[in-house]
Amino acid sequence: MAHTALTPVFVGLRTGLHVLFAALTILVAARAVLSPTESSAAVVGLAVVLLATYGLGALVTRRTGPRRRASGLVWLGVLSVEWVILLWLIPEAAYLVFPLFFLYLHLLGRWWGSAAILVATGVAIAALGLHGGWTVGGVVGPLVGAGVALLIGLGYQALAREAEQREALMRELLATRDQLAATEHESGVLAERARLAREIHDTLAQGLSSIQMLLYAAERADPLRPGVEHIRLARETAAANLADARRFIRELTPPDLDDHGLGAALRRLAATQWASGGLRVEVRVSDAFALPMQVQTALLRIAQGAIANVIQHARATTATITLTVGSGQVRFEIADDGQGFDPDEASRARSDSFGLQATRERVTQLGGVLDIDTEPGRGTTLAVDLPLEQLA
């Protein structure tokens, strides 16, 4: 079991079970020595063998692998046979049935383990009756012990299942947190790149362009004026600096959208990253209508997040990404043929709603509206409507 906050509790319970079994076995051997009979030597020898078998099995069942369950069942069977023989020799061996109850539940599961507890209880009651006669204590004692063991054992299993569920939820929350942090960091980087690009374009690039035009006009106005060579040199330097500034602006453009725009970036992702995830994505996006770079970047990130969720959760085989322009708005749709989901349930499950929340925030920043059409069993359509007047 992976280490959790409840691991010390489980370790303590297992240690207590081991100590209880060893103490009861030593008690049985001590009873045979203090009250010697013809079978005392056999009882002591069998008690030693029982302890050795228990210790060996405890080590074997801690290993992992496909043979772990089979070896555990064999060990439990051998242990049970040795206990029955010891119980036949001395009635005090009935005490050992209590720790055996927990082993049955642990190795056989809830139903088979409960059945094994009933059988072991019947064997203990019968042995006590044959050794010392039938008494109320000889019947009620094993029955009470069986009931207590069932309650404790089933409670232990429920606690272990809850611990595993919490551990899985914690891993999912940590992964979602890391993904959200990476997304926010990426958004901040892209926003800063866009800001720097705008600043350079509006200041340095425009200034250098003006210098170039003015010097070129001065050069043409009086080509024979002294110092014209310096003017020509200044114009050429300004032209070189302008080329460098424009190259810098191109380098600051988000890399996924270089050269060919949103449609090409989506098709490139569909042919590489998304196809490798087992999803066929059809992209119906034309770059004929030029959207602002920040809008293209936001739509690209929305598509990446949505398709990532489709691959991870929807069990879909195909998805379609469509961009349409008309009626005063831009509509961006992502549809899949997966299993769908319950939006209300996703909103209540925080670990699954971070992606949707991030998408809503992006759409809100663009001044648009997000619509999710889905229900379990019929796929999902995520639509983003953006007014054209806000994209100018």
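Here's a quick rundown of the structure. Predicted model only: the values in this text are computed from it and were never measured.

Calculation criteria
Residue numbers here run from 1 along each chain, matching the order of that chain's written sequence. In keeping with the model being predicted, local features are shown solely for residues with a pLDDT of at least 70 and side-chain atom pairs are shown and tallied solely at 80 or more, while totals for entire chains, interfaces and linings include all residues. Note: side-chain values were computed over all heavy atoms of the structure, leaving out hydrogens and water. Every helix listed is a DSSP run of H or I at least four residues long, and every strand listed is a run of E at least two residues long, numbered separately from the N terminus. The classification of residues rests on relative accessible area computed with a 1.4 Å probe and restricted to protein chains. Under 20% of the type maximum is buried, over 50% is exposed, and intermediate values are partly exposed. Working definition of accessibility: Shrake-Rupley area with a 1.4 Å probe, residue cover restricted to the visible protein chains. Expected helix span is computed as 1.5 Å times (number of residues minus one). Bend, in this description, refers to the angle at a residue between axes fitted to the seven residues ending there and the seven starting there. Two strands are counted as paired when DSSP detects at least two bridges linking them. With axes taken as lines fitted to C-alpha atoms, and helix axes fitted only over the stretch in contact, angles between N-to-C directions fall between 0 and 180 degrees. Angles are sorted into four bins: roughly parallel if under 35 degrees, roughly antiparallel if over 145, roughly perpendicular if 65 to 115, and oblique for all others. Helix crossings are classified by the rotation of the near helix relative to the far one: an anticlockwise turn of less than a right angle makes the crossing left-handed, while a clockwise turn makes it right-handed. Between two residues, a contact is recorded if the distance between any of their heavy atoms is within 4.5 Å. Classification of ring pairs rests on two measures: the distance between centres of Phe, Tyr or Trp rings, Trp counted by its six-membered ring, which must be within 6.5 Å, and the angle between planes, read as stacked under 30 degrees, edge-to-face over 60 and tilted in between. Nonpolar cores were defined as sets of buried Ala, Val, Leu, Ile, Met, Phe, Trp, Tyr and Cys residues, with membership established by side-chain atoms within 4.5 Å. Only residues whose relative accessible area exceeds 30% and that take part in no salt bridge are eligible for patches, with like-charged residues grouped when within 9 Å of each other and nonpolar side chains (Val, Leu, Ile, Met, Phe, Trp, Tyr) grouped when within 5 Å. Between Lys or Arg on one side and Asp or Glu on the other, a salt bridge is scored when a side-chain nitrogen of the former is within 4 Å of a carboxyl oxygen of the latter.

**Observations regarding the overall build of the chain**
Then comes step 1: Looking only at helices and strands, one finds eleven helices and five strands in the chain.
Then comes step 2: Taken over 392 residues, the chain has a buried fraction of 36%.
Then comes step 3: Accessible surface, the chain as shown: approximately 22800 Å² in total, 61% of it carbon and sulfur.

**Some details on helix α4 (residues 97–132)**
Then comes step 1: The end-to-end C-alpha distance of α4, which contains 36 residues, comes to just 18 Å, noticeably less than the 52 Å that a straight helix rising 1.5 Å per residue would cover.
Then comes step 2: At glycine 109, α4 shows its largest bend, some 135°.
Then comes step 3: Once α4 ends, the next one or two residues include glycine 133, with phi positive near 90°.

**Remarks on the pairing of strand β1 (residues 280–284)**
Then comes step 1: Side chains Val281 and Val283 of β1 all project onto a buried face; the interleaved residues Arg280, Glu282 and Arg284 project onto a face where none is buried.
Then comes step 2: Note that β1 and strand β2 (residues 318–326) share five bridges and pair parallel. Its bridge partner lying in β2, valine 281 is registered against alanine 319.

**Overview of the packing of helix α7 (residues 261–271) against helix α9 (residues 293–314)**
Then comes step 1: With their axes 10 Å apart at the nearest point, α7 and α9 run at an angle of 20° to one another. With respect to α9, the axis of α7 lies roughly parallel. Of the two possible hands of crossing, α7 and α9 adopt the one that is right-handed. Between α7 and α9, the residues in contact are Gly261, Leu262, Ala265, Leu266 and Leu269 and Gln296, Leu299, Leu300, Ala303 and Gln304, respectively.

**Thoughts on the packing of aromatic side chains**
Then comes step 1: One pass over the full model with this rule turns up two aromatic pairs.
Then comes step 2: On the numbers, 4.1 Å between centres and 10° between planes, the contact of phenylalanine 21 with tyrosine 54 is stacked. In this pair, phenylalanine 21 is assigned in helix α1 (residues 7–34) and tyrosine 54 in helix α2 (residues 40–60), connecting sequence segments 33 residues apart.
Then comes step 3: For the ring pair tyrosine 54 and tryptophan 75, a centre distance of 5.8 Å and an interplane angle of 50° mean the geometry is tilted. One end of the pair, tyrosine 54, is in helix α2; the other, tryptophan 75, is in helix α3 (residues 68–89), and 21 residues separate them in sequence.
Then comes step 4: Looking at tyrosine 54, the relative accessible area reads 6%, which means it is buried.
Then comes step 5: With relative accessibility at 10%, the residue tryptophan 75 sits in the buried group.
Then comes step 6: Cluster of aromatic residues (ring-pair linked, three or more members): Phe21, Tyr54 and Trp75.

**Digging into α9**
Then comes step 1: Between the first and last C-alpha of α9 there are 30 Å, a value that for 22 residues agrees with the 32 Å anticipated at 1.5 Å per step.
Then comes step 2: Once α9 finishes, arginine 315 follows within two positions and takes phi at roughly 55°, a positive value.

**Digging into the nonpolar core**
Then comes step 1: One finds Leu79, Trp83, Leu86 and Leu103 to be the most contacted residues of the largest nonpolar core, which totals 34 residues.
Then comes step 2: Within the residue set of this core, elements represented by two or more residues are α1, α2, α3, α4 and α5 (136–221).
Then comes step 3: Ranked by residue count, the leading element in this core is α4, at 13 residues.
Then comes step 4: Those residues in contact with tryptophan 83 that lie beyond four places of it in its chain are Leu50, Ala93, Ala94, Leu96, Val97, Leu100, Ala120, Val123 and Ala124.
Then comes step 5: In terms of nonpolar packing, the next biggest core, distinct from the first, is built from 33 residues, Leu266, Val283, Ala303 and Leu366 among them.

**Here's the deal with a nonpolar patch on the surface**
Then comes step 1: Among the surface-exposed residues, Trp134, Val136, Val139, Val140, Leu143, Val144, Val148, Leu151 and Ile152 lie close enough to one another that they form a single nonpolar patch of about 860 Å² accessible area.
Then comes step 2: Turning to its location among the elements, valine 140 is positioned in helix α5.
Then comes step 3: You can call valine 140 partly exposed: its relative accessible area is 40%.

**Looking at the sheet that holds strand β3 (residues 329–336)**
Then comes step 1: Taken in spatial order, the five strands line up as β1-β2-β3-β5-β4 in an open sheet, and their pairing is mixed. The open sheet terminates on both sides in strands that have one partner only, identified here as β1 and β4 (369–374). Sheet twist, expressed as the mean angle between neighbouring strand axes with direction ignored, is 10°.
Then comes step 2: Sheet topology note: the β2/β3 ladder contains eight bridges and is antiparallel. Bridged to isoleucine 321 within β3 is isoleucine 334.
Then comes step 3: Against the sheet, α7 contacts β1, β2 and β3, and its axis sits at roughly 170° relative to β1.
Then comes step 4: Sitting on the sheet, α9 touches β1, β2, β3 and β5 (380–387), and the angle it makes with β3 is about 15°.

**A word on the pattern of salt bridges**
Then comes step 1: Tallied over the entire structure, the rule returns nine salt bridges.
Then comes step 2: The closest approach of N and O atoms between arginine 284 and glutamate 282, which form a salt bridge, is 3.0 Å.
Then comes step 3: Across the salt bridge formed by aspartate 373 and arginine 378, the nearest N and O atoms sit 2.7 Å from each other.
Then comes step 4: A relative accessible area of 41% means that arginine 378 is categorised as partly exposed.

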